Every structure is written in C-alpha cells, then in structure tokens.
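# Coordinates in review
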Amino acid sequence: MSAVPGVTERADAAEPVLLAGARLPGADGPVDLVLDAGVVASISPATSAATARSSAGPALRRIELDGRFVVPGLHDRHVHASQWAMVSRRLDLASATSAAAAAVLVAASVARGDAEVVGFGYRDGLWSDAPTRSGLDAVSGEVPVVLVSADLHACWLNSAAARRHGVAGLVGDAGVLREDDCFALVRELDDLADDVLDTWVGEAAARAAERGVVGITDYEMRWNRDDWARRAARGIRSLRVSFGVYTQHLDRAIVEGLRTGEAVPGTDGLVTVGGYKVITDGSLNTRTAWCFDPYPGLEGHDHAFGLATVPYDELVPLMRRAVDAGLVPAVHAIGDRANARVLDAYEEVGGPGRRLRGSIEHAQLLRHDDVARFARLGVVASVQPEHAMDDRDVAELYWPGRTGRAFMLAELAAAGVELALGSDAPVAPLDPWVAIAAAVGRTRDGREPWHPEQAIEARVALAASTAGAGHTVRGGQVADLAVIERDPFAASADDLRTMPVAATALAGRFTHDTLGA
C-alpha cells in the first residue's frame, strides 16, 4: 500500500485468501470465505487451520476473523466528493444557532489572520435572526467571507466577497445567494489545482474505506469523468465511482458517447458513467423545496411554495435527450409538488406501458398516492435518512401537519419501491452506517424517534446500501466486503451509527485493514 492515503499501487485483486471463522448476519454458525480472482469463490462451514491447509494448499493465505461479521461492501449513493473533501479545511458553522453566533465564528477566523474565510454548515431555518450582509461586514471588514449552508442551496457573503466574485448586484442586503446563483459560486470555490484537490479526495476516499465503503455515486457539479480518470491514473483506487452528468455538460457527454454503466478507459472498471443529474427544486432549510402548500410566514410571496427550478416543458425534453443517448435520469426533487411533477415526467418520457430506468434523488416529502407511482413506474427512491434527523425540527415548522409524509422509507419499501441510501455528503457524513442507523432508529442524540412508523428493518437498510449486492454475502459475488464487529441485525440504532469496521475489501484487495491482512 502506498504511503499516500487512498492511493494504491495496484488495482488488481490480491492473492487468494481464506477469511476463516466469519459470521454472516442472519445465518447460523461460523463460515469460511475464500476470496479468489476478485470474487467470493466459496462459502463453507468453518474448518480448523490445519484442515484448511491440507485441503487448500500453501497458496491460500488464512486470515482469522474470530467470529466477526462479514457483509457486502457499502455504497453511498449520493455524494458531492470534492465538497466533502474540502469540508475539513473550511470554517465549521454547525454549532451556530443564530446569525449572530455565526458572525462570532467568522470574527475569530478573521482574528487568526485568515486572508479569506470560507465556511460551511450553517442552518438558518430555525434562527430567530436573519443573515445580513452588514452583519458579516461588521466582523470581517475587507476580508472576503463566503459561508455555504449545510444543504448546499444557499451562500451568505459579505460585501468584500460579493465584489471579489462579481455578485454584488445579486446578494442584496441579506448577502444571500440561493439555488443556481449559489451553485455557480460554489463551483468557483471548488476550482482548485488538480493535484491539491486530488490529494484531498484521496484522503477522503481512505476515510470512507475505513467505514466499509467500497463505492460512491458522485454528483459533484463538475466534468467528473476527467477528474476521476485522472485520480485513477494517480493511484486513487480505493473506491468504485459512478459519476453524474449535469445539464451544463449534457451536450458534451452525448457527443463523447457517455452511457450510464460503461467503464471509463484506463480505470480498470472502477470508474463508470452514472446518471444524468437535473435539479428541479430547492431544499427545505432554504425554504425552496417546491410544495403544494405554502411555507408558513411566506404566504403571498413570490416563492411561498418554494421554487420549480426547471420548468416541466424543459425537464421532459432534457430527460428524453438523456435517455435517448443512454444516460439514466437521476432527478433531484425534495418537495411533494416537485416529486409529483418529476413522476409525471418519468411517465411521459417512458410512454405507455414502459418502465423507464431512473431515480428521484432525495424524495423527502411525498403524497401517499405518489408512493404507488414510484412503484408502478419503477423509479428508485434515492434517499438520505440522516437528513430526517437534521431536518426534523425545521420540517415541523415549515411542513406542519405533513411530516408523516416526510422520509417515508417504510411506506416506500412496503410498496416495493427500490431504496438507495446515501448521505449527500457534505450535507451529512459520508458514512453508510450513519444512514442505516437513521433509517432503522429514526432518532439521534437520545431524542424520541421521529415518526417511527416510517422506520425500516436493518436488513432492508443494509440491502439499500450495497448497490444491488443485497443484505448478505453469497458465493460468486464480487469480493467487495466489509468486516464488522457487531451483528447489524441485532444492533441498536446507536450501535449501528458507531459500527466498528475491522477491514474493507474491494474485489478481494484490502483498502482498510486492522487485522493484519
């Protein structure tokens, strides 16, 4: 293994190994797993070391698991990889309970002599005071300040930053950019030197492997193919990566023949083309998720119901172009009205009697009738359960009387809808165990479970976190595995959240190892 985190010297599978004395969740008795040529070659009742040596020969290296559990390797189905990699380098605003408190954190950063302050993680949905440009100006002077909200849908700037980034005419007295204006600024902030960003992404990939992660779906707003091809060439090969294509790059993707599921040359199959990502509404915390009911306190305003950021008569042709070119749609919708309209689009693009492949990303607030439409149309619900823990209080405020229809995991699963769990990192941590815990327990920090009727079983949450590998390891599967210390089917939600991971294997090659493998 290279000394650089997340970087490996080889991408091919390691030598054949025997994982001895493993346990599979839900199964009786210990088993031995043979990993060979990148797959789980066999699963058999556990044997002694002497018996294994006599039957398998000296080439098979034995690793004692001592009753640890083995599960399919985990996938985070919604990540913004570059932004996740940058978060630890930015001012942490998660603790700010008011605009004034955020300004205090900014003042401390300026006092340390920072030439520019870029922060992340504020949530103003419950603040008693509102962000203002003058509030930041008072503590920062001519030091540019850009604060990115935790949901990535808003940026709060001071006057110096507004001038530097050429948006002084857009921010107004609040100093806030929302939706497309915010996204444009975030892309500018992300424009770092390739070697710097790649190093940070490699470190983040190594941390993900420590949590049992073998794959991510990257929805960064960049031309991701070249980024990930370059990273693979540099040896960052600890994850499988499926990358999204946004509308601004759709023409280029079509011209260059990108098709969902195809591997990028030179990456040994680790980097594949993902879906066509289009954002049709905003977010709850920014009060721009498009809903059937108005936001309390915003009645009569232009955006009282949130924002439809892509009109329907533009969405359908865009989806159709992508589908005709072989790109599977992955459509952002958070509010119930946005979800309903996107399902309309899937129905129209698919045509009578056709189930069109694709997903709705987030699917946070739904009508009950639309759950059945998810199932009938075969649309995947790509959801982030930890958002429910972050948003429960702001949802009660801005979606009053409707929170029983928020994050309806149990109802979706019962209807036969395919679930795909993710984090939306950096909105929530890139850690599938956090998502699984939130889906199973609907609670965090000792609070009473929030709408526990929408909780799902651990085996369902695990299956929704393995990109189709299911909730258990089977012979013949690709040897993407996680070795964990607790039985995930018997663990509490708190124990799931902090699940110790002893090892992670990608096609039989260990990307994280505390066992001496």
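Everything below is about the structure printed above this text.
What this report covers is the structure whose coordinates are included nearby. (Residues numbered from 1 in each chain as written. Predicted model: local features only at pLDDT ≥ 70, side-chain atom pairs only at ≥ 80, totals over all residues. Heavy atoms only, no water.)

### Description of the packing of aromatic side chains
The cut-off we apply is this: Note on aromatic contacts: the rings of Phe and Tyr and the six-membered ring of Trp form a pair at centre separations within 6.5 Å, being stacked when their planes are under 30 degrees apart, edge-to-face when over 60 apart, and tilted otherwise. For helices the rule is a DSSP run of H or I covering at least 4 residues; for strands it is a run of E covering at least 2, with both sets numbered from the N terminus onward. The classification of residues rests on relative accessible area computed with a 1.4 Å probe and restricted to protein chains. Under 20% of the type maximum is buried, over 50% is exposed, and intermediate values are partly exposed. Two limits define a charge over a ring: the Lys NZ or Arg CZ must be within 6 Å of the ring centre, and within 35 degrees of the ring normal.
Under the counting rule described, the total for this entry stands at five aromatic pairs. Considering the side-chain rings of W127 and W156, the 6.3 Å spacing of their centres and the 65° angle between planes classify their relative orientation as edge-to-face. With W127 in the loop between β8 (117–122) and α4 (133–140) and W156 in strand β10 (residues 154–157), this residue pair connects regions lying 29 residues apart in the sequence. Look at W156 and you get buried, because its relative accessible area is 1%. Here the aromatic residues Y122, W127 and W156 are joined through ring pairs into a cluster of three or more. Lying over the aromatic face of Y219, K277 brings its terminal NZ or CZ to 4.7 Å of the ring centre. Just above the ring of Y312 sits the side chain of R341; from NZ or CZ to the centre is 3.7 Å.

### Details of the environment of T97
With respect to the helices and strands, the residue T97 is situated in the loop between β7 (91–92) and α3 (99–111). Along the sequence, T97 and P72 sit 25 residues apart, while their C-alpha atoms lie 39 Å from each other.

### A short note on the pairing of strand β9 (residues 145–149)
Stated precisely, the cut-off is as follows: Here, any two strands with at least 2 DSSP bridges between them count as paired. Call a crossover right-handed when, viewed with both strands pointing away from you, the route from the first strand across the helix to the second goes clockwise.
Of all five residues in β9, five are buried, a share of seventy percent or more. Where β8 lies against β9, five bridges are found, and the strand directions are parallel. Paired with V118 across the bridge in β9 is V146. The handedness of the β8 to β9 crossover, carried by α4, is right-handed. Two strands pair when backbone bridges link them, and β9 and β10 are joined in this way by three bridges, in the antiparallel orientation. Paired with L147 across the strands is W156, a residue of β10. Taking the residues that link successive antiparallel strands as the turn, the β9-β10 hairpin has four residues, and the phi of L152 there is positive, at about 70°.

### Description of the pattern of salt bridges
Here is the rule we go by: The term salt bridge refers to a pairing of a side-chain nitrogen on Lys or Arg with a carboxyl oxygen on Asp or Glu at a separation within 4 Å.
The full count for this structure, using the stated rule, is 40 salt bridges. Two residues, R240 and D480, come together in a salt bridge whose shortest N-O distance is 2.7 Å. One end of the pair, R240, is in strand β13 (residues 240–246); the other, D480, is in the loop between α17 (458–463) and β19 (481–484), and 240 residues separate them in sequence. According to the relative accessible area criterion, D480 is buried, its value standing at 12%. We note a salt bridge from D344 to R341, for which the minimum N-O separation is 3.0 Å. Here D344 pairs with R341, and both are found in helix α12 (residues 336–350), just three residues apart, close to one helical turn. The class for R341 is partly exposed, based on a relative accessible area of 34%.

### Overview of the side chain of T288
Inclusion rule: Any pair of nitrogen or oxygen atoms within 3.5 Å is treated as a polar contact; in protein, a donor-acceptor pairing is required on top of that, and neighbouring residues in sequence qualify only through side-chain atoms on both sides. Two residues form a contact once any of their heavy atoms are found within 4.5 Å.
Within the secondary structure, T288 is located in the loop between β14 (271–279) and α11 (312–324). For T288, a relative accessible area of 4% corresponds to the buried category. Of note is the side chain of T288, whose polar atom sits 2.5 Å from the side chain of E179. Among all residues touching T288, those that are not within four sequence positions of it are R178, E179, D281, G282, S283, Y295, G306 and L307.

### Thoughts on the packing of helix α14 (residues 385–398) against helix α16 (residues 432–441)
Packed helix pairs are characterised by how far apart their axes lie and by the angle those axes make with each other. Stated formally: A fitted line through C-alpha atoms serves as each axis, taken over the contacting stretch for helices, and the angle formed by two N-to-C directions is quoted from 0 to 180°. These descriptions rest on fixed angle ranges, namely under 35 degrees for roughly parallel, over 145 for roughly antiparallel, 65 to 115 for roughly perpendicular, and the rest for oblique. The handedness criterion is simple: a crossing whose near helix is rotated anticlockwise from the far helix by less than a right angle is left-handed, and one whose near helix is rotated clockwise is right-handed. When residues are sorted by character, Ala, Val, Leu, Ile, Met, Phe, Trp, Tyr, Cys and Pro go into the nonpolar class, Asp, Glu, Lys and Arg into the charged class, and all the rest, Gly among them, into the polar class.
Taken N-terminus to C-terminus, the directions of α14 and α16 make an angle of 65°; their axes are 6 Å apart at the nearest point. It follows that α14 is roughly perpendicular to α16 by the angle criterion. In this structure, α14 crosses over α16, and the sense of that crossing is left-handed. Only V434, A435, A438 and A439 of α16 make contact with α14, whose side of the interface consists of P385, E386 and M389. Here the contact of α14 with α16 is composed, by residue class, of six nonpolar, no polar and one charged.

### Some details on the sheet that holds strand β21 (residues 509–513)
Strand order in the open sheet formed by four strands is β5-β19-β20-β21, with antiparallel pairing between adjacent strands. With partners counted over all chains shown, the strands left at the sheet margins are β5 (69–72) and β21, one partner each. Across the sheet, the axes of successive neighbouring strands diverge by a mean angle of 20°, strand direction being ignored. Bridging between strand β20 (residues 501–506) and β21 involves four bridges; their strand directions are antiparallel. Residue pairing across strands places A503 opposite D513, the latter belonging to β21.

### Section: the pairing of strand β15 (residues 329–333)
Along β15, five of the five residues are buried, which leaves the element largely enclosed by surrounding structure. Both faces of β15 are covered, namely the face carrying P329, V331 and A333 and the face carrying A330 and H332. Taken together, the four bridges between β14 and β15 define a ladder with parallel strand orientation. What sits directly across from I279, in β15, is H332. In this fold, β14 hands off to α11, which returns the chain to β15; that crossover is right-handed. Running through α12, the crossover from β15 to the neighbouring parallel element strand β16 (residues 359–362) is right-handed.

Honestly, that's just the spatial picture; any functional story needs more than this.
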